[in-house]
Amino acid sequence: MYITELLSKKVLDASNESYGDVKDVVISSKQSYPKIEALKIKSHGESYYIPSYYIKEITDKEVRLTEDLENIKQYPKQDSVIKLSSDILDRQIVDMEGSKIRRVNDVEISVKNGSYYIIGVDIGVNGLFRRLGLEKLSKSVHPEDNIISWNDIDSLDFQNLKLKVSKNKLTRLHPADVAEIVDDLGITDSMSILNSLDDESAADAFEEVSPEKQRTILSEMEKREAAKLIDEMSPDDAADLLASISDEKKEEILHLIDPEESQELRELLKYPENTAGGIMTTEYASVTGNLTTSEIMNELKKIADDVETLYYIYVLSDGEHLKGVITIRQLLLNDDDEHIYNYMNTDYKTVLVDEDEDEIAKLIAKYNLIALPVVTSDNKMKGIITVDDAIDIILPTAWKKRLPRMFS
């Protein structure tokens, strides 16, 4: 049977006297398949908890007890229990295989040796229709129930009644999949997801979360946790997010992160949002001087984890002025002792820090660039804009244009 079929059943004692209606089911969370510990009964406005060992049988219409009302002792642990209807039904769980949020529409119950156990949750449409009394109609279209074995669920923390997700499983998901899950959850559960990840994985996922949800989560976070998250994000994404929150919260966070990172973010925050300076990242691969191919490869090994993309390597002067650009392909094709001034590209595209973002997107698309260097008027290197930044510029507009047609 299902929990929704049990709710509202009449409860009759051994003398066939009515004891009220079933309003909830109390379970133990310490087993792979929890046992029903008690039934919550409501009668004449009062709630009672009847231990499950008083249950004689559950029929299609009623619950029959083994004792008369005056001989039944109430279940003692009423304040620290899990109740299926109020605590589990409609809760969200994470489907790690499909990277989706599922809703518990019903709970499946089985009887063994006179005891009742929870064996699974129904996340399908049949569970929803069953609650509306339309199961037969739903079954004609969806013959199979969509049941998840209770033993396979690790996304509900039964002691604290908070969403809990396996860290190992979450880190195997793409950050965009984690972000999609976070976007679909409430703030408390969203923060639980992020807190279960290591700092780097949390930042990678948080960068993919919708801007509105980012702001809400950041505003709810304790300031040290928020600073830790911002510190791990790429500078351009971190600056965009900081620009969208209150000045007070922004200053609190900037004071708590690494001073060098803080200064870098303050510089980025000076640029208008829709300009090259406002969307660029300062994490790029660069070298100074007329190094050999072999020397550059050694340098790249040291900085590979700290840059946005390794496709282009920018050759700078001692004053950080852009002199040329080389690609990984060029490095692989040239001899180890060949000096880069002999083969670097000096005919390259750049944009000024105050260039409009729409023009930048057009330039990246026109020349099929992976990244575009951002410079000052005297050609001093300030950052790069990557192709995914260009996509972020273009896509929202394209989707907005499609919306009227989609809903017309």
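Residues numbered from 1 in each chain as written. Predicted model: local features only at pLDDT ≥ 70, side-chain atom pairs only at ≥ 80, totals over all residues. Heavy atoms only, no water.

K.L.:
Could you give an account of the packing of aromatic side chains, with specific residues and numbers?
P.N.:
For the structure on display, the rule yields five aromatic pairs. Judged by centre distance (4.8 Å) and plane angle (45 degrees), the rings of tyrosine 53 and tyrosine 54 are tilted. For tyrosine 53, a relative accessible area of 60% translates into the label exposed. What makes tyrosine 54 buried here is its relative accessible area of 8%. Taking 6.3 Å as the distance between ring centres and 55 degrees as the angle between the ring planes, the aromatic pair formed by tyrosine 312 and tyrosine 314 counts as tilted. For the pair tyrosine 312 and tyrosine 314, a shared accessibility class is recorded, and that class is buried. Of the aromatic side chains, those joined through ring pairs into one cluster are Tyr284, Tyr311, Tyr312 and Tyr314. (Phe/Tyr/Trp six-rings, centres within 6.5 Å; stacked < 30°, edge-to-face > 60°. Buried < 20%, exposed > 50% of the residue type's maximum accessible area, 1.4 Å probe, protein only.)

K.L.:
How would you explain the sheet that holds strand β17 (residues 322-327) if you had to name every residue and give the values?
P.N.:
The strands making up a sheet are joined through hydrogen bonds of the backbone, oriented either antiparallel or parallel. The three strands are arranged β15-β16-β17 in an open sheet whose pairing can be described as mixed. The sheet terminates laterally at β15 (286-288) and β17, the two strands that pair on one side only. Across the sheet, the mean angle separating the axes of adjacent strands is 25 degrees when strand polarity is ignored. Sheet topology note: the strand β16 (residues 312-316)/β17 ladder contains five bridges and is antiparallel. The residue of β17 that forms the bridge with valine 315 is glycine 324. (Pairing = 2+ DSSP bridges. Helix = DSSP H or I, 4+ residues; strand = E, 2+ residues; numbered from the N terminus. Axes fitted to C-alpha atoms, helices over the stretch in contact; angles between N-to-C directions.)

K.L.:
Hey, could you go over the side chain of serine 234 for me, with residue numbers and the actual values?
P.N.:
Structurally, the position occupied by serine 234 is in the loop between α10 (223-232) and α11 (235-243). Note on serine 234: relative accessible area 7%, which makes it buried. Apart from residues no more than four positions distant in its own chain, serine 234 is found in contact with Glu207, Glu283 and Glu308. (Contact = heavy atoms within 4.5 Å.)

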